[in-house]
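These are the residues of each chain, in order.
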Amino acid sequence: MSETADTGAAAFCANLVREADFDRYAATLFVPPEKRRSLLALAAFNAEIVWVRSQVSQPLPGEVRLQWWTDLLAGSAHGGAEGNPVAAELTRAIAEHGLRIEPLTRLIEAHIFDLYNDPMPDWTVLEPHLVETDGTLLALGARVLGHTGAQAEAIDHVARHAGVVVGVARIVARLPYDSARRQLYLPNDVLQRHGCDLEQVFGGQSAPALKAALADVIADARKHLDQAMQELTELPASVRPAFLPLALARRDLDQLASPERDPFTPFDRSRLTTLWTLWRASRSKVLRI
């Protein structure tokens, strides 16, 4: 790839992430500049995977698109990364930082769930799903920021807890949008325990049973948040900025947990609030959230 094309691919990924996933884009503004490009490549790759669901009307074409990315990581995709700036930047980041392919492949596989309208059965399925998606991005981000093999297990452990926190905050915030397309990531066993009917959720009915179920889900996420924050203090300072998204998730969970809030009211956080929250967190040795 020429230097011009190389620069263009990096700019393409930065623009894509800024528009599609401003939270992750903003978080890269608080890491060393030389690390930003690779973090944006990971975030752009994730945006491409998440977008597949909205680009297809049937599961099979979506699975084909996801399989292309799996084949790319395995080195067998037709055409490889040529002509695809996100694929080119992802390949570059993998090579530069020695990123493992397996977590990226599992992230793709986890998003096959998005293509179907099956309800999320229970926490035993939801937690691994969030670990393989949000948790993977956090762990790989820490790898980009410089952790060594000796630190990998501890960082992966924090990333698993943090992935659940970030993922739950997103799921609860996106409830109005997901339920409108009859897709539900909230654990169905929690809904059933509170007597909440799926059709009520899909119909946008803000029943007390749904609010009780959401309170339980958020309470579980906060337990993971407490554990992640406790373990984060033991990690090297150089990798902690990879977990800045926890600051946003903590703030969002506080807002989403309000008893007066209608779960089907679209949740919005301004870009200024996003940047302010991340800036405050970045000013502390341990995330001040």
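Model, not experiment: these values are computed from the prediction. (Residues numbered from 1 in each chain as written. Predicted model: local features only at pLDDT ≥ 70, side-chain atom pairs only at ≥ 80, totals over all residues. Heavy atoms only, no water.)

Draft legend 1. Summary view of the overall build of the protein. Within the protein one finds 14 helices and 0 strands. At 19 Å, the protein has a C-alpha radius of gyration in line with the 19 Å of a compact globule built from 289 residues. Counting the 289 residues in the protein, one finds 49% classified as buried. Taking contacts inside the protein between residues at least 6 apart in sequence as the whole, the part at least 24 apart equals 73%. Carbon together with sulfur atoms contributes 52% to the accessible area of the protein, which is approximately 13,400 Å² in total. For the protein, the distance from the average position of its 30 positive side-chain charges to the average position of its 36 negative side-chain charges is 7 Å. (Helix = DSSP H or I, 4+ residues; strand = E, 2+ residues; numbered from the N terminus. Rg over C-alpha atoms; globule rule 2.2 N^0.38 Å. Buried < 20%, exposed > 50% of the residue type's maximum accessible area, 1.4 Å probe, protein only. Contact = heavy atoms within 4.5 Å. Areas by Shrake-Rupley, 256 points an atom, 1.4 Å probe, with all protein chains shown as cover. Lys, Arg positive; Asp, Glu negative; His and termini not counted. Charge placed at Lys NZ, Arg CZ, Asp CG, Glu CD.)

Draft legend 2. Structural view of the packing of helix 13 (residues 245-256) against helix 14 (residues 271-282). Two numbers describe how helix 13 lies on helix 14: the axes approach to 9 Å, and their chain directions differ by 120 degrees. In terms of axis orientation, helix 13 runs oblique to helix 14. The chirality of how helix 13 crosses helix 14 is right-handed. Across the interface between the two elements, Ala247, Leu248 and Arg251 of helix 13 pack against Thr273, Thr274, Thr277, Leu278 and Ala281 of helix 14. (Axes fitted to C-alpha atoms, helices over the stretch in contact; angles between N-to-C directions. Parallel < 35°, antiparallel > 145°, perpendicular 65-115°, else oblique. Left-handed = near helix turned anticlockwise from the far one by under 90°.)

Draft legend 3. Quick peek at the side chain of Asp21. Along the chain, the position of Asp21 falls in the loop between helix 1 (3-20) and helix 2 (22-28). Its relative accessible area of 15% is what places Asp21 among the buried residues. Leave out the neighbours within four places in its chain, and Asp21 touches Leu16 and Asn46.

Draft legend 4. Up close: the nonpolar core. In terms of nonpolar packing, the biggest core is built from 91 residues, with Phe45, Trp69, Val168, Leu186, Leu210, Phe243 and Leu246 touching the most fellow members. Broken down by element, this core gets its largest block of residues, 12 residues, from helix 8 (residues 152-173). Contacts of Leu210, omitting those with residues within four sequence positions, involve Leu175, Leu186, Leu191, Cys196, Val201, Gln205, Pro263 and Phe264. (Core = buried A, V, L, I, M, F, W, Y, C linked by side-chain atoms within 4.5 Å.)

Draft legend 5. How the structure looks around the packing of aromatic side chains. As enumerated under the stated definition, the model contains 5 aromatic pairs in all. Judged by centre distance (5.5 Å) and plane angle (65 degrees), the ring pair of Phe45 and Trp69 falls under edge-to-face. Placement of the pair is Phe45 in helix 3 (residues 33-55) and Trp69 in helix 4 (residues 59-74), with a sequence separation of 24 residues. Each member of the pair, Phe45 as well as Trp69, is classed as buried. Centre to centre, the rings of Phe113 and Tyr185 are 5.5 Å apart; their planes meet at 55 degrees, and the pair counts as tilted. Of the two residues, Phe113 sits in the loop between helix 6 (101-110) and helix 7 (123-145) while Tyr185 sits in the loop between helix 9 (175-180) and helix 10 (188-193), which places them 72 residues apart along the sequence. (Phe/Tyr/Trp six-rings, centres within 6.5 Å; stacked < 30°, edge-to-face > 60°.)

Draft legend 6. Representation of the environment of Arg53. By secondary structure assignment, the location of Arg53 is in helix 3. Relative accessible area serves as the criterion here: at 16%, Arg53 is assigned to the buried category. As a C-alpha pair, Arg53 and Tyr116 span 63 residues in sequence and 8.9 Å in three-dimensional space. Of the polar contacts made by the side chain of Arg53, one reaches the backbone oxygen of Asp114; its length is 2.8 Å. Within polar-contact distance, the side chain of Arg53 engages the side chain of Gln183 at 3.5 Å. (Polar contact = N/O pair within 3.5 Å; in protein donor to acceptor, adjacent residues only side chain to side chain.)

Draft legend 7. Fine view of helix 8. Taking 1.5 Å of rise per residue, the 22 residues of helix 8 would be expected to cover 32 Å, and the 31 Å separating its terminal C-alpha atoms lies within 8% of that figure. Counted residue by residue, helix 8 has 16 buried out of 22 residues, so it is predominantly covered. (Expected span 1.5 Å × (residues − 1).)

Draft legend 8. Summary view of the packing of helix 4 against helix 5 (residues 85-97). Contact geometry for helix 4 and helix 5: axes closest at 11 Å, N-to-C directions at 35 degrees. Classified by chirality, the crossing of helix 5 by helix 4 is right-handed. Note on element contacts: helix 5 touches helix 4 through Val86, Ala87, Leu90 and Ile94, opposite Trp68, Trp69, Leu72 and Leu73.

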